[in-house]
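Residue-level structure breakdown
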Amino acid sequence: MLKGRHLIDSMDFTKDEMKEIFDLSRDIIDKPEAFAHICDGKLLATLFYEPSTRTRFSFEAAMLRLGGQVIGFSEPNSSSASKGESVADTIRTVGCYADIAVMRHPKEGAPKVASMYSSIPVINAGDGGHQHPTQMLTDLLTIQSIKGKLTNHTIGLCGDLKFGRTVHSLIKAMSRYEGNKFVLISPKELRIPEYIKNEILVKNNIEVIEVERIEDVMETLDILYMTRVQRERFFNEEDYIRLKDSYILDGEKMKKAKKDMIVLHPLPRVNEISYEVDNDPRGCYFAQAKYGMFARMALIAKLLGVK
Ligand code: NCD
């Protein structure tokens, strides 16, 4: 039963519950008009303490397309956070007005804290360098829809694996499906955190290799997940400048890839994928952004328990 639950971590839902969300997403994609009023009279609050385009807009679009309405802030300076209010007090107040809330916060764990004080479902829309579970739903719905299955993929994750929260959520989620292998492509300084490696990959005996050059592994991949170097999480600008262009996926590198490999990216892209790849049918990152809205429509409907 998903009604009334929170979504804070990629592992909060069972695989069966995830399937419920993907099945509903598919139904919405096939027949959006049948769902256009299921959230009539419901209110979503978007509490964004950090910048966002896709996540906030796709949540807002999702709620509006279900017939519901949206309140919120996209700038903490325009809320009482700037006066020093805690997330606990903010969510207790928001729960008096709205039926469901989405929170993005620069501090790891802030949405979790909010959920502990909340009378309404709280969805984590990204907490610092930690987790991004609705991007994970987006990514899995995209993979399921385009590749037809969530099992037996060789998944390359490239770029900032240290601070990239989307990568952390995706590894956790995909490691629950049989036969998936991971190829981690990053500079030494931006390798995956040890806790993800040990608690998820090593503990579950999942095949994983770590490399520094994308060219060496390109032809083995079924999915290539590119990421942006997370400038806002660096302590100094010099390190960012040194690492920011570590990987640029271009037409030349794509020549080595399988004909049915897909390239995903949570976006925003900075330099990691050159524009020529946009015309390659394997570049699926804008389709992925669209799947994100449908996944969020299904998630909102399930947490509110509307039919
Ligand atoms: C990602 C994020 O915010 O973590 N963006 C998104 O939600 N699609 C990725 C990023 O900012 O690099």
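Everything numeric in this text was worked out from a predicted model, so none of it was measured.

About the cut-offs
- Residues numbered from 1 in each chain as written.
- Predicted model: local features only at pLDDT ≥ 70, side-chain atom pairs only at ≥ 80, totals over all residues.
- Heavy atoms only, no water.
- Domains from an automatic or database assignment.
- Contact = heavy atoms within 4.5 Å.
- Buried area = accessible area lost by both parts, 1.4 Å probe.
- Polar contact = N/O pair within 3.5 Å; in protein donor to acceptor, adjacent residues only side chain to side chain.
- Helix = DSSP H or I, 4+ residues; strand = E, 2+ residues; numbered from the N terminus.
- Nonpolar A, V, L, I, M, F, W, Y, C, P; charged D, E, K, R; others polar.
- Near = heavy atom within 4 Å.
- Areas by Shrake-Rupley, 256 points an atom, 1.4 Å probe, with all protein chains shown as cover.
- 1 Å grid on protein atoms, 1.4 Å probe; cavity = no way out; pocket = protein on both sides within 12 Å on 5 of 7 lines; lining within 4 Å.
- Sits in = over half its atoms within 2 Å of the grid points.
- Points joined across faces, edges and corners; volume = space filled by probe spheres on them.
- Buried < 20%, exposed > 50% of the residue type's maximum accessible area, 1.4 Å probe, protein only.
- Right-handed = clockwise from strand over helix to strand, strands pointing away.
- Pairing = 2+ DSSP bridges.
- Lys, Arg positive; Asp, Glu negative; His and termini not counted.
- Salt bridge = Lys/Arg side-chain N within 4 Å of Asp/Glu carboxyl O.
- Axes fitted to C-alpha atoms, helices over the stretch in contact; angles between N-to-C directions.

**Re the domain arrangement of the protein**
Assigned domains of the protein: these are domain 1 (15-131 + 292-304) and domain 2 (133-289). Between domain 1 and domain 2, the C-alpha centre-to-centre distance is 25 Å. Contact with domain 1, which involves 26 residues of that partner, is made by 25 residues of domain 2. Note on domain 1 versus domain 2: buried area summed over both sides is about 2100 Å², and carbon and sulfur give 56% of it. Its largest share of buried area at the contact with domain 2, domain 1 owes to Phe22, Arg54 and Gln131, together 31% of the area lost on that side. Connecting domain 1 to domain 2 are twelve residue pairs in polar contact (both at pLDDT 80 or more). Secondary structure elements with two or more residues in the side of domain 1 that touches domain 2: α1 (15-30), α2 (54-65), β3 (100-105), β4 (122-127) and α10 (285-304). Among the elements that make up the side of domain 1 that touches domain 2, the one with the highest residue count is α10 (six residues). Here the side of domain 1 that touches domain 2 is built from residues that sort into nine nonpolar, ten polar and seven charged.

**Observations regarding the site of the ligand**
Taken together, the residues surrounding the ligand are Thr55, Arg104, His132, Gln135, Arg165, Thr166, Arg228, Gln230, Pro266, Leu267 and Pro268. At a separation of 2.8 Å, an oxygen atom of the ligand approaches a polar side-chain atom of His132. Relative to its unbound accessible area of 310 Å², the ligand is 94% covered by the protein chains. More than half of the atoms of the ligand fall within 2 Å of the grid points belonging to the largest pocket. Classifying every residue of the shell around the ligand by side-chain character gives three nonpolar, five polar and three charged.

**Notes on empty space enclosed by the protein**
Under the criterion given, the structure shown has one cavity of 30 Å³ or more. Approximately 60 Å³ is the volume attributed to the largest cavity. In terms of lining residues, the largest cavity is bounded by 13 residues, among which Gly159, Val229, Lys244, Ser246 and Tyr247 are the most central. Here the lining of the largest cavity is built from residues that sort into seven nonpolar, three polar and three charged.

**Re the pairing of strand β6 (residues 181-185)**
Among the five residues that make up β6, four are buried, leaving the element largely enclosed by the rest of the structure. Once the chain exits strand β5 (residues 154-158) it traverses helix α6 (residues 165-174) before rejoining the sheet at β6, and the crossover so formed is right-handed. Pairing of β6 with strand β7 (residues 208-211), which is carried by four bridges, proceeds in the parallel orientation. Across the sheet, the residue bridging to Leu184 is Glu210, located in β7. As for the winding sense of the linkage, the β-α-β connection from β6 through helix α7 (residues 194-202) to β7 is right-handed.

**Regarding the side chain of Arg296**
Counting through the fold element by element, Arg296 comes out in helix α10. Of the side chains with opposite charge, Asp139 lies nearest to the buried Arg296, which makes no salt bridge, at 7.8 Å. Each residue touching Arg296, except ones within four places of it in the same chain, is listed here: Arg54, Thr55, Ser58, Phe59, Ala62, His132, Thr134, Gln135 and Thr138.

**Quick look at the sheet that holds strand β2 (residues 69-73)**
Strand order in this open sheet of four strands is β2-β1-β3-β4, and the pairing throughout is parallel. Each edge of the open sheet carries a strand with a single partner, namely β2 and β4. For this sheet, the mean inter-axis angle between neighbouring strands, taken without regard to orientation, is 15°. Note that β3 and β4 share four bridges and pair parallel. Residue pairing in the sheet places Val102 in a bridge with Ile123 of β4.

**Things to note about the layout of surface pockets**
Volume-wise, the largest pocket comes out at about 450 Å³. What lines the largest pocket is a set of 26 residues, among which Arg104, Arg165, Arg228, Leu267 and Pro268 lie closest to the centre. Counting only elements with at least two residues in the lining of the largest pocket, the list comes to α2, α5 (133-147), α6 and α10. Looking at the lining of the largest pocket element by element, the count peaks at four residues for α10. Of the residues in the lining of the largest pocket, the class split is six nonpolar, 13 polar and seven charged. Each pocket or cavity is described by its volume, and for the second largest pocket that value is around 280 Å³. Put simply, the parts of the chain that give the lining of the second largest pocket at least two residues each are α1 and α10.

**As for the sheet that holds β6**
Across the sheet, which stays open at both edges, the five strands sit in the order β7-β6-β5-β8-β9 with parallel pairing between neighbours. Edge strands, defined here as strands with exactly one partner in the open sheet, are β7 and β9 (262-264). Strand-to-strand twist in this sheet, taken as the mean axis angle between neighbours without regard to direction, amounts to 20°. Of the strands in this sheet, β8 (223-226) and β9 are in contact with α5, which crosses β9 at around 165°.

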